[in-house]
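# Secondary and tertiary structure notes
So the chains spell out like this:
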Amino acid sequence: MTTPAGSGTGFGSVSWWGLSPALDLQAESPPVDPDLREDTEHTTPELDVLLVGSVDGRHLLRTLARAALWPRRRLHFYVLENNLEAVARHMLIFSLALEEPEKMGLQERSETFLEVWGNALLRPQVAAFVSAQADRLARLVPEPHRLAEQLPWLSLSALKFRERDALEAVFRFWAGGGKGPEVFPMSRLWDSRLRHYLGSRYDARRGVSDWDLHMKLHDRGARVIHTREFRRWRDTGVAFELRDSSAYHVPNRTLASGRLLSYHGERVATRGYWGDIATGPFVAFGIEADDESLLRTSNGQPVKTASEITQHNVTELFREVAAWGRPTANHGTPEQVHGEGPGSPERAAPSPEFTVHFLPLGSAQTLHHKSCYEGRFQLLYVACGMVHLLSPDLGACVAPGGHLIVELARYLVDLRQEQLQGFSARVGELAQAAGFTPQNQDRPSETFARFYKSGDSACLRSHAAVQSTTPPPGALVPPAVQSATPPPGALVPPSVQSATPPPDALVPPLEARNPPPEGLTQPSEGKTPPSERLKLPSESRASLSEVQAPPTGSQTPKPESLPRLPDTQPPISDL
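Residues numbered from 1 in each chain as written. Predicted model: local features only at pLDDT ≥ 70, side-chain atom pairs only at ≥ 80, totals over all residues. Heavy atoms only, no water.

### Focus on the environment of Leu 137
In this structure, Leu 137 sits in helix H6 (residues 124-140). Judged by its relative accessible area of 0%, Leu 137 falls in the buried class. Once residues lying within four places of it in the same chain are set aside, the contact partners of Leu 137 are Met 91, Leu 92, Leu 151 and Phe 171. (Helix = DSSP H or I, 4+ residues; strand = E, 2+ residues; numbered from the N terminus. Buried < 20%, exposed > 50% of the residue type's maximum accessible area, 1.4 Å probe, protein only. Contact = heavy atoms within 4.5 Å.)

Below, the structure written as C-alpha cells:
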C-alpha cells in the first residue's frame, strides 16, 4: 500500500539500464595461460563470459571498444536475462552500434543510441528509426538463416521456440507506429509511477530530487550529475536532451513491459512502464571517463555534466568499435564459429571475432546440469538485481581460476548506508558459498565486488548444502546473514509496486502472444589470478532460471534482511 510518504521503492520491477559504470571484461578476466598460448599458436584463444542481468550491453560495448589493447581473443558473450524485452533491447542496441557508417554517421548513431537507451520520449526521427529496425528484426527472428547472414554476431539458437515467438511479438509492438501514442501513453504512465513513489511528497518533488542527488548520489561519487538534468529526468523521463525540449513527444516503446495486476478483483495483463524512476541512466557512461579533462572542476563544481560526458564516451565507444570493423557473413553462424574449435583455419579478417549468445529464460539453476557448461566460463558477471541467483549451481559453471564480478548497490538512492553495507556482506557470503574467494585489492571498490574461483571449489560447493540447516537437504541455499535463515523467496528482490496502481496507470492488455516465463571504469587493481590453468570446454547451449518475487507491503527494508533491490523479473504469466 502507498503511504503518505510514498512507496519508497523507485527502481521498478524491470531494469532498463545499468546502475554501475561500464567495464572492460577482458581487463576483469584471467590472463591467457602462457602454456595454453603456446598450444594455440595457430589458433585464436577464446574467452567465454556469462553475464547475468547486464541489461543494456554497456559492458559488451566497452569490451569491444577496448579489444585492440589486448592480445587477440575470440570473444563469446553469453547473456542471461529474465525478460524478453531486455533481450530485444540488446539486439536493437547492438544493431545500432554495428550499423554501417555509410548508412548512419557516428554522431547520429551516438545520439540515437542515447535517446533510445535512456529517454522516455523520443524525437519523431528516432522513433521512425526504432520502428524500421524493429520491423526488420521481427522479420529476421523467425528465419535463422537470414538472421545468421545479416547479423552474424548474434545467436538465438538457444532460445525456445515460444520465446522466439514472444520476441517477435515484442518487435511487432515496437514497429506498430500506426496505432498512435495512446497504446503506450508514456507521459501519463511516468507521472502515475512518480505519484505512487512520492505519495504526499509529490508536490515537493523538486526538493526530493535535489535531496537524492546532493545527499546520496553526489556523496557516493556521482558528482558530475547536474541538478538541472536530474530534475528534468525525474519530472519527464528525458535524460538526454540533445535538441529543443519540444522535439521530444513520441513515447519510447522499447521501455514498455508487462505485468499482471489486480484490477476489480481480477488479474489483468497490463503494459506499462515499470522501470527506474529514482537513479537514472547517468551512471553507466556518465560519471567516469578516460579523458580526465572531462572530470575537472572549477570553483568546486564539475565543468561537464553527466549528459555531456555520456555523449562523449558513447561516441568514442562507437568510434573504437568501428575502427576494427564489424563481423561479416564469411565468419559463419555463431554455432559454426564455435564448432570449428581449435582446429579452425585462419580467418582472413584481422578483427577479433565475437558472438553474443542469448540463453533461454527460466533455468539458471540447471545450467550446470549440461556438461558442456560446467566449468566453461572464465568470467561471471552478476548484476545487483540478480544476486539471488548466485549459488553453488551457478558457480559450477565457472572454470577453476575464473573470476566473478558482482555489481553492488552503491547507486540505489533508496538504500541507507547500513543497508548498503549489509548487502555487500551478503554478497560476500553468497560468493563464498558458491565457491569463490575475494580478490586481494589495495583499494576495494564500492561499486563492484571481485572474486576468483579456487581449485577446491568443488569441495566448497558440497559444503554449501551441508552448512544450510533450515532449507531441505536437497536445496543448495547459502547460510543466511542472521541466525534465522530466511525462506528462499526472501532472497528474491521485491517488486516495486506493493499495491495496485491507480486506474489511470492501466493500459490495454498485451496482444495475444506466447508470453515469456515469469520470472567507463578502470581495470581492477591488485588482482591475484590463481596459478591454475583455465579450462576451455566445448560449446553447448544453456538456459535460465525463473525468478518470481511476490509483492510486498513493507516500505523500508529491515537492517537485518537483504536490502531491497530492483527486481528485473518479467511480470507476465500465461495470458
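### Some words on the packing of helix H3 (residues 58-65) against helix H13 (residues 306-323)
Where H3 meets H13, the closest approach of the two axes is 8 Å, and the angle between their N-to-C directions is 55°. Classified by the interaxial angle, the pair formed by H3 and H13 is oblique. The hand of the H3/H13 crossing is left-handed. In contact with Leu 61, Arg 62, Leu 64 and Ala 65 of H3, H13 contributes Leu 317, Phe 318, Glu 320 and Val 321. Of the residues belonging to the contact of H3 with H13, the class tally is 6 nonpolar, no polar and 2 charged. (Axes fitted to C-alpha atoms, helices over the stretch in contact; angles between N-to-C directions. Parallel < 35°, antiparallel > 145°, perpendicular 65-115°, else oblique. Left-handed = near helix turned anticlockwise from the far one by under 90°. Nonpolar A, V, L, I, M, F, W, Y, C, P; charged D, E, K, R; others polar.)

### Topic: the sheet that holds strand E15 (residues 448-453)
Taken together, the 8 strands give an open sheet; going across it, the order is E4-E10-E2-E1-E12-E13-E15-E14, and neighbouring strands pair in mixed fashion. A strand with exactly one partner marks an edge of an open sheet, and here the two such strands are strand E4 (154-155) and strand E14 (436-438). As paired strands, strand E1 (residues 46-52) and strand E12 (residues 377-382) are joined by 4 bridges and run parallel to one another. Within the sheet, the bridge partner assigned to Leu 50 lies in E12 and is Leu 380. H3 contacts E1, strand E2 (74-80), strand E10 (354-358), E12 and strand E13 (398-407) of the sheet and is inclined by roughly 175° relative to E2. Relative to the sheet, helix H16 (residues 417-433) contacts E13, E14 and E15, its axis offset from that of E15 by approximately 15°. (Pairing = 2+ DSSP bridges.)

### Describing the pattern of salt bridges
Applying the stated criterion across every chain, the model contains 25 salt bridges. Where Glu 46 meets Arg 74, a salt bridge forms, and the shortest distance between an N and an O atom there is 3.2 Å. Note that Glu 46 is positioned in strand E1 and Arg 74 in strand E2, a separation of 28 residues in sequence. Side by side, Glu 46 and Arg 74 carry an identical accessibility label, which is buried. In this structure, Glu 418 and Arg 416 form a salt bridge, with 2.9 Å as the shortest nitrogen-oxygen distance. Assessed through its relative accessible area of 41%, Glu 418 is described here as partly exposed. Taking relative accessible area as the criterion, Arg 416 reaches 35% and is therefore assigned partly exposed. A cluster of three or more residues bridged by salt bridges with shared partners is formed by Glu 46, Arg 72, Arg 74 and Glu 353. (Salt bridge = Lys/Arg side-chain N within 4 Å of Asp/Glu carboxyl O.)

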